[in-house]
Amino acid sequence: MAFTIAIDGPAAAGKGTISRAVAEHFGFAHLDTGLLYRAVGRKMLDGTAPIEAAQSLVAEDLENPTLRSPEVAQAASKVAVIPEVRAALVDFQRAFARRAGGAVLDGRDIGTVICPEAEAKLFVTASAEVRARRRHLELAEKDADVDFDTVLADVRERDERDMNRADAPLKPADDAVTIDTTDLDIDSAVRAAINAITARK
Ligand code: C5P
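What you see is a predicted model, and the numbers here were worked out from it, not measured in a lab.

## Looking at the site of the ligand
Not every one of the 15 residues close to the ligand is listed here, only the nearest: Gly-34, Tyr-37, Ser-77, Ala-80 and Gly-107. Counting residues per element, the ones that place at least two in the shell around the ligand are helix H2 (34–45), helix H4 (70–79) and helix H8 (148–164). Broken down by class, the residue content of the shell around the ligand amounts to six nonpolar, four polar and five charged.

Below, the structure written as structure tokens:
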């Protein structure tokens, strides 16, 4: 039986960690939809036109090790404003969402545009400062040489672009449960997510 869990929210709010834990808890497959936009952004940086890149995306493109870099994140949010890029990625996401055995998709527009009929919807958020601090720590662990103010500016710029684009802007679905992780540790955030989803099952 298909059961779709949609998890949306801004950059570095904890969506990825929560989505992986939720998928493991329920035994569902997980799709990080940000990777699709990052893969298109990567191809744009390498010289391919974004629409063409989105239309010809293949599974191996999602395995490029540079997809996690801040440069690719910015490119992703730039290609994500292009309606034809978004349209090219819809069918793959919807097919994944309805796979037998259940699916967790995390992104910006899963509960609003990709899977408005999802059985459970979460909107995971946190203050921009806390999100930038988490992302900065993550990058420092990978030895990336970036300062906190640059990361904060990057998070704010992406939020701004993601919330204000005309096509599929970042916003909570009307029926989403919001989880603010500003003052939550990982375990508490995961527990809150699992409780909210269990209430819908
Ligand atoms: O989640 P992540 O930081 O990997 O996403 C990178 C960018 O991809 C976001 O800033 C956003 O512009 C775009 N994105 C989107 N819709 C999604 C997932 C990501 O527009 N469902």
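## With respect to the packing of helix H1 (residues 15–26) against helix H9 (residues 186–198)
Packing of H1 against H9 leaves a shortest axis separation of 10 Å and a crossing angle of 55°. Considering the angle they form, H1 stands oblique to H9. For the pair H1 and H9, the crossing hand works out as right-handed. Judged by residue contacts, Thr-17, Ile-18, Ala-21, Val-22 and His-25 of H1 engage Ile-186, Ala-189, Val-190, Ala-193, Ile-194 and Ile-197 from H9. Per-class residue counts for the contact of H1 with H9 are nine nonpolar, two polar and no charged.

## Observations concerning H2
Residues separated by three or four positions in an α-helix point in the same direction, a consequence of the helix having 3.6 residues per turn. With twelve residues, H2 should cover 16 Å at 1.5 Å per step; its first-to-last C-alpha distance of 16 Å lies within 8% of that length. Where burial is concerned, most of H2 is hidden: eleven out of the twelve residues are buried. Those residues of H2 not exposed but buried are Gly-34, Leu-35, Leu-36, Tyr-37, Arg-38, Ala-39, Val-40, Gly-41, Arg-42, Lys-43 and Met-44. In this fold, the buried residues of H2 make contact with strand E2 (29–32), helix H3 (50–55), H4, helix H5 (83–97) and strand E3 (103–107). Two residues or fewer past H2, Gly-47 is found with a positive phi of approximately 105°.

## Details of the UniProt feature "domain: Cytidylate kinase" (unreviewed entry) in the protein
The sites that UniProt annotates as "domain: Cytidylate kinase" (unreviewed entry) are residues 55–197. End-to-end, the C-alpha atoms of residues 55–197 are 33 Å apart, and along that stretch the chain is 52% helix and 10% strand.

## Digging into the packing of H2 against H4
The N-to-C vectors of H2 and H4 enclose an angle of 100°; their axes lie 7 Å apart at closest approach. Classified by the angle between their axes, H2 and H4 sit roughly perpendicular to one another. For the pair H2 and H4, the contacting residues are Gly-34, Tyr-37, Arg-38, Val-40, Gly-41, Arg-42, Met-44 and Leu-45 in the first and Val-72, Ala-73, Ala-75, Ala-76, Lys-78 and Val-79 in the second. A class-by-class count of the residues in the contact of H2 with H4 yields nine nonpolar, two polar and three charged.

Rules used throughout
Residue positions are given per chain, counted from 1 along the sequence in the order it is written. For a predicted model such as this one, the threshold for reporting local features is a pLDDT of at least 70, and the threshold for listing and counting side-chain atom pairs is 80 or more; totals across whole chains, interfaces and linings nevertheless cover every residue. Residues are classed as near a molecule or strand if the C-beta position derived from their backbone is within 6 Å of it. What counts as a helix is a DSSP run of H or I of at least four residues, what counts as a strand is a run of E of at least two, and both are numbered from the N terminus. Note on residue categories: nonpolar means Ala, Val, Leu, Ile, Met, Phe, Trp, Tyr, Cys or Pro, charged means Asp, Glu, Lys or Arg, and polar means any other residue, Gly included. Interaxial angle, 0 to 180 degrees, is taken between N-to-C directions of lines fitted to C-alpha atoms, where a helix line uses only the stretch in contact. Should an angle fall under 35 degrees it is taken as roughly parallel, and over 145 as roughly antiparallel, whereas 65 to 115 is taken as roughly perpendicular and any remaining angle as oblique. Here a crossing is called left-handed whenever its near helix is offset anticlockwise from the far helix by less than a right angle, and right-handed whenever the offset is clockwise. Here the contact rule is simple: place C-beta atoms from the backbone, and any two residues whose C-beta atoms are within 7 Å are in contact. What a helix is expected to span follows from its residue count: subtract one and scale by 1.5 Å. As a rule, residues whose C-beta atom has 12 or fewer other C-beta atoms within 10 Å are exposed, those with 20 or more are buried, and those in between are partly exposed; C-beta atoms are placed from the backbone. UniProt positions are given in the numbering used here, feature names are shortened, and annotations may be inferred rather than shown by experiment.

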